[in-house]
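Summary of the model geometry
Residues per chain are reported as follows:
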Amino acid sequence: MFFTCSPACVDPTHHHTAAERLSRSSAATSQAATKAPTKSRTQVTAKVTAKSSTQKTVRNSKGKLKVVDVHCHYLNPVVNQKTAHLNAAQYDPTVIFANDLTSETNVKQMKDRAPKLMGIDVRLKDMDRMGVDIQAVAPAPYHYFYFTEPAYGAELAREVNEGIANVVAQHPDRFVGMGSVPLQNAELAVQELEYCVKKLGLRGVEINTNVNGLNLTDPSLGLEKFFAKANELGIVVFMHPLGYTQGERLRNHYFNNVIGNPLETTVAVSHLIFDGVVARHPKIKFLAAHGGGFLAHYWARMDHAWRARPDTRTVIKKKPSSYLEKFYFDSITFDPRMLKQLIDRYGADHVMLGTDYPYDMGEDDPRGLIAGVSRLSAADRRLIEGGNAMKLFKIK
């Protein structure tokens, strides 16, 4: 059995190389996929025959707005098995920059949480327990596949998106979907964006905060076309990192998640602001994961730099924080005081409930966290718990 030898194994008689440990970490995910409920796997591969965007009126039996989770993930088990040969872990900063204990813990998490990540039945029970009526389901970050040849990356994005659409179609009163696009090729990314929004009825896309180590604004990527199309469609673009790409100093203590994820978001959002993407495309609903990273809480430094130095004013004409104020943020801050600061700074209309379901770095009591924010009005709480998400994701 696969798990008889840990990815962190250092037994000299086993002669494991670092590359082999990376390969076994990737294979562990595929092994977990085989244990996902058979029913869910069959449902995921069902042919998409119509738009899956039809939603029931999002109100409970008492007429109150429902609770919407804007940050949660689904790992398509069929795609996972199909791509096992790629050894995606060798391109994953969270695997590359991790010590043996972190690798071992992550493999165990995947094994233990596979039914939540890859299935529907346990997910629905957990949603009921947390008081969440609807999830805006996004792909697991491991399914970006930007490292592949573009045509194959587009093929995989299509399968990921159709899998998400089928999850929504099974329970249209409980899920809306976000898709994936092959950002390694701007033309293909635009094509897939149109397909997943116009044909599959997905409400937006999840993107990584970099493309194979390049900033989203790197001219060599040509992603201005993608942002222009996203602006035309007026969709949600959910920015979700996968560790920090230069994480050599973040190997221990799970730092490439604890520090790396918010740092990666900070770098990516800063480039979108300073390189003018946000200014040029005001209709994109950018959603920054994990409470907006570090930048959302330390915005004044970039404003000071913009006033003090000409090299920070080469593109944007207004102070950087004025563009940051256009972003939306999930509530994953883990402390009511931090969440209050986020709400006070950007407004209750720019903060939305999120859980990061089903990972161990997620928030298991999102409504309790929001309820703990001092002096939060009932109206603002309703906005954060679901009202904002209903508007952004066009849930009627």
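Below is a short write-up of the structure.

A few points about the overall build of the chain
- Tallying secondary structure elements over the chain gives 18 helices and 10 strands in all.
- Relative to its full complement of 396 residues, the chain shows a buried share of 55%.
- If you take every contact in the chain between residues at least 6 apart in sequence, the share linking residues at least 24 apart comes to 78%.
- Accessible surface, the chain as shown: approximately 17000 Å² in total, 53% of it carbon and sulfur.

Digging into the nonpolar core
- Core analysis: the largest hydrophobic core is formed by 71 residues, its most contacted members being L183, I207, F226, I273, F286 and F327.
- The dominant element in this core, judged by the number of residues it contributes, is helix α8 (residues 186-199), at 6 residues.
- Contact partners of I207, with chain neighbours within four places excluded, come to Y144, Y146, V181, L183, L216, F226, V237, F238, M239 and H240.
- Residues A138, V176, Y328 and M352 belong to the second largest nonpolar core, which totals 18 residues.

Looking at unusual backbone geometry
- A cis amide bond, omega 5°, links Y357 with the succeeding residue P358.
- Relative to the assigned elements, P358 resides in the loop between β10 (351-352) and α17 (366-371).
- Backbone geometry at N212 places phi at a positive 55°, although glycine is not the residue there.
- Mapped onto the elements of the fold, N212 is located in the loop between β5 (210-211) and β6 (214-215).
- Of the residues examined, N212 reaches a relative accessible area of 48% and is grouped as partly exposed.

Here we look at the packing of helix α7 (residues 150-170) against α8
- Running from amino to carboxyl end, α7 crosses α8 at an angle of 15°, the nearest separation of the two axes being 10 Å. With respect to each other, α7 and α8 are oriented roughly parallel. The two elements α7 and α8 cross, and the hand of that crossing is right-handed. Residues P150, A151, A154, A157, R158, N161 and E162 of α7 touch α8, and the partners they reach there are L188, E192, Y195 and C196.
- Split by residue class, the contact of α7 with α8 holds 7 nonpolar, 1 polar and 3 charged.

Some remarks on the pairing of strand β8 (residues 285-288)
- Pairing of strand β7 (residues 236-239) with β8 involves 4 bridges; the strand directions are parallel. Residue pairing across strands places V237 opposite F286, the latter belonging to β8.
- In this sheet, strand β9 (residues 328-330) lies alongside β8 in parallel orientation, the contact comprising 2 bridges. What sits directly across from L287, in β9, is Y328.

Points about the packing of helix α5 (residues 100-118) against helix α6 (residues 121-130)
- Contact geometry for α5 and α6: axes closest at 6 Å, N-to-C directions at 85°. Judged on the interaxial angle alone, α6 and α5 are roughly perpendicular. In contact with P115, K116 and L117 of α5, α6 contributes V122, R123 and D126.
- Its residues assigned to classes, the contact of α5 with α6 shows 3 nonpolar, no polar and 3 charged.

What to know about the sheet that holds β8
- An order of β4-β7-β8-β9-β10 is seen for the 5 strands of this open sheet, with the pairing classed as parallel. At either end of the open sheet lies a strand with only one pairing partner, and these are β4 (204-207) and β10.

Some words on helix α11 (residues 260-274)
- Taking 1.5 Å per residue, 15 residues should reach 21 Å; α11 reaches 21 Å between its end C-alpha atoms and fits that length.
- With respect to burial, α11 is a largely interior element, 12 of its 15 residues being buried.
- Of all the positions in α11, only G260, N261, P262, E264, T265, T266, A268, V269, S270, L272, I273 and F274 are classed as buried.
- G276 occupies a position one or two residues after α11 and carries a positive phi of about 85°.

Considerations on the side chain of D335
- Inspection of the secondary structure puts D335 in the loop between β9 and α16 (336-346).
- For D335, a relative accessible area of 19% corresponds to the buried category.
- Looking at D335, its side chain comes within polar contact range of the main-chain nitrogen of R337, at 2.8 Å.

Section: the pattern of salt bridges
- This model, assessed by the stated rule, comprises 19 salt bridges.
- By sharing partners, the salt bridges in this structure join K116, D126, R129 and D364 into a single network.

Thresholds, definitions, all that
- Residues numbered from 1 in each chain as written.
- Predicted model: local features only at pLDDT ≥ 70, side-chain atom pairs only at ≥ 80, totals over all residues.
- Heavy atoms only, no water.
- Helix = DSSP H or I, 4+ residues; strand = E, 2+ residues; numbered from the N terminus.
- Buried < 20%, exposed > 50% of the residue type's maximum accessible area, 1.4 Å probe, protein only.
- Contact = heavy atoms within 4.5 Å.
- Areas by Shrake-Rupley, 256 points an atom, 1.4 Å probe, with all protein chains shown as cover.
- Core = buried A, V, L, I, M, F, W, Y, C linked by side-chain atoms within 4.5 Å.
- Axes fitted to C-alpha atoms, helices over the stretch in contact; angles between N-to-C directions.
- Parallel < 35°, antiparallel > 145°, perpendicular 65-115°, else oblique.
- Left-handed = near helix turned anticlockwise from the far one by under 90°.
- Nonpolar A, V, L, I, M, F, W, Y, C, P; charged D, E, K, R; others polar.
- Pairing = 2+ DSSP bridges.
- Expected span 1.5 Å × (residues − 1).
- Polar contact = N/O pair within 3.5 Å; in protein donor to acceptor, adjacent residues only side chain to side chain.
- Salt bridge = Lys/Arg side-chain N within 4 Å of Asp/Glu carboxyl O.

The analysis is restricted to geometry; functional conclusions fall outside its scope.
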